[in-house]
Amino acid sequence: MEYKDFKEKGFQVFHDVLEKSQVDFYKNRILDLYEQQKDDFGEDNLKKIGEDNTVRSPFLQDQKFQYLFYNDFSRKIVEDILGDHAILSLQNGIFIPPMKKHHQSFFHRDLIYQEFTSSRPLSINLYYCLDDYNESNGGTSFIPGSHMVEKLTSYNNEETPGVEAGSVILFDSMVYHSAGDNKTNQSRCGVNNMFTLPFIKQQIKYPHCLRKKTQDDRLNRLLGFESNEFLSVMDFRTYRLNRNNNAE
């Protein structure tokens, strides 16, 4: 797989990753799960903290969302760019209702407030578009090459790629990007999966939420089960002893 645009611009579009039936399923489920999360936390409370129109970690409520970060396409990209020990930092469903603005309609990095550069990516996003994305409905805008500058002081070259539903936008989490305004009569919906090197903390501590490991060692590593902080010196040494014994 080639990543020329990703390396130079900081983002790249992959077309036709999901079939239409998958797009329809995930979009409908995101809207359903938002209603559940709204009931759990309260709509007014979500608005107070800028969490309206956001579904946090939908795979914790519906395991089918696991597919969006753990399929052959996603695994290949994550392993190519971040290696075998990357972890899932977050999964968020994001939608902008008709004639609305999203709370992230400002240029930001997803490793937010970080003003440095790295010779290799520390974190990437795979954003699954569940609608066509364009300038009219608040499609994501990027500042090409901004992942290679420490701080964004000015810009005049933002780019809003036209993306069809079912496509995936791969981007470096350090590239500056912004949600736009939805000026149409239809909602705009997508699912953002962010992967990091394991020394970067997860947004949600998924091993704590899930409690038990799965039967898939690669998936356990991706979910962060091998990246937890140790609870004591004894815990740390026992882990290393078990690992050593298993290698023999």
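As shown above, the structure is provided for reference.
A brief look at the structure comes next. None of the values given here were measured: they were computed from a predicted structure. (Residues numbered from 1 in each chain as written. Predicted model: local features only at pLDDT ≥ 70, side-chain atom pairs only at ≥ 80, totals over all residues. Heavy atoms only, no water.)

1. Focus on the environment of Asp16
Put simply, the rule reads: The helix and strand labels rest on DSSP assignments: H or I over at least four residues marks a helix, E over at least two residues marks a strand, and numbering proceeds from the N terminus. In what follows, residue pairs with any heavy atoms lying within 4.5 Å of each other are defined as contacts.
If you trace the backbone, Asp16 turns up in the loop between strand E1 (11-14) and helix H2 (20-41). Linking Asp16 and Met174, residues 158 residues apart in sequence, is a C-alpha distance of 25 Å. When neighbours within four sequence positions are excluded, Asp16 is seen to be in contact with Gly166 and Ser167.

2. Section: the pairing of strand E8 (residues 188-196)
Stated formally: For the exposure calls, accessible area comes from a 1.4 Å probe over protein chains only, and a residue counts as buried if that area is under 20% of its type's maximum, exposed if over 50%, partly exposed in between. The criterion for strand pairing is that DSSP finds at least two bridges linking the strands in question.
In terms of burial, E8 is a largely internal element, nine of the nine residues being buried. Burial of the side chains of E8 extends over both faces: Arg188, Gly190, Asn192, Met194 and Thr196 are buried on one face and Cys189, Val191, Asn193 and Phe195 on the other. Across nine bridges, strand E3 (residues 87-96) lies against E8 in antiparallel orientation. Following the sheet pairing, Leu88 is matched in E8 by Phe195. When strand E4 (residues 123-129) meets E8, the two strands line up antiparallel, connected through seven bridges. Bridge assignment links Tyr128 to a residue of E8, and that residue is Val191.

3. A short note on the packing of aromatic side chains
Inclusion rule: Stacked, tilted and edge-to-face pairs are distinguished by plane angle, under 30 degrees for stacked and over 60 for edge-to-face with tilted covering the rest, among Phe, Tyr and Trp rings (Trp via its six-membered ring) whose centres lie within 6.5 Å. Note on criteria: charge over ring means Lys NZ or Arg CZ within 6 Å of the ring centre, with the direction from the centre no more than 35 degrees off the ring normal.
Per the stated rule, a full pass over the model turns up 12 aromatic pairs. Judged by centre distance (5.5 Å) and plane angle (75°), the ring pair of Phe14 and Phe73 falls under edge-to-face. One end of the pair, Phe14, is in strand E1; the other, Phe73, is in helix H4 (residues 72-82), with 59 residues separating them in the sequence. We note that Phe14, like Phe73, is buried. Among the aromatic residues, those joined into a ring-pair cluster are Phe11, Phe142 and Phe171. Positioned over the ring face of Tyr70 is Arg75, at 4.5 Å from the centre of the ring.

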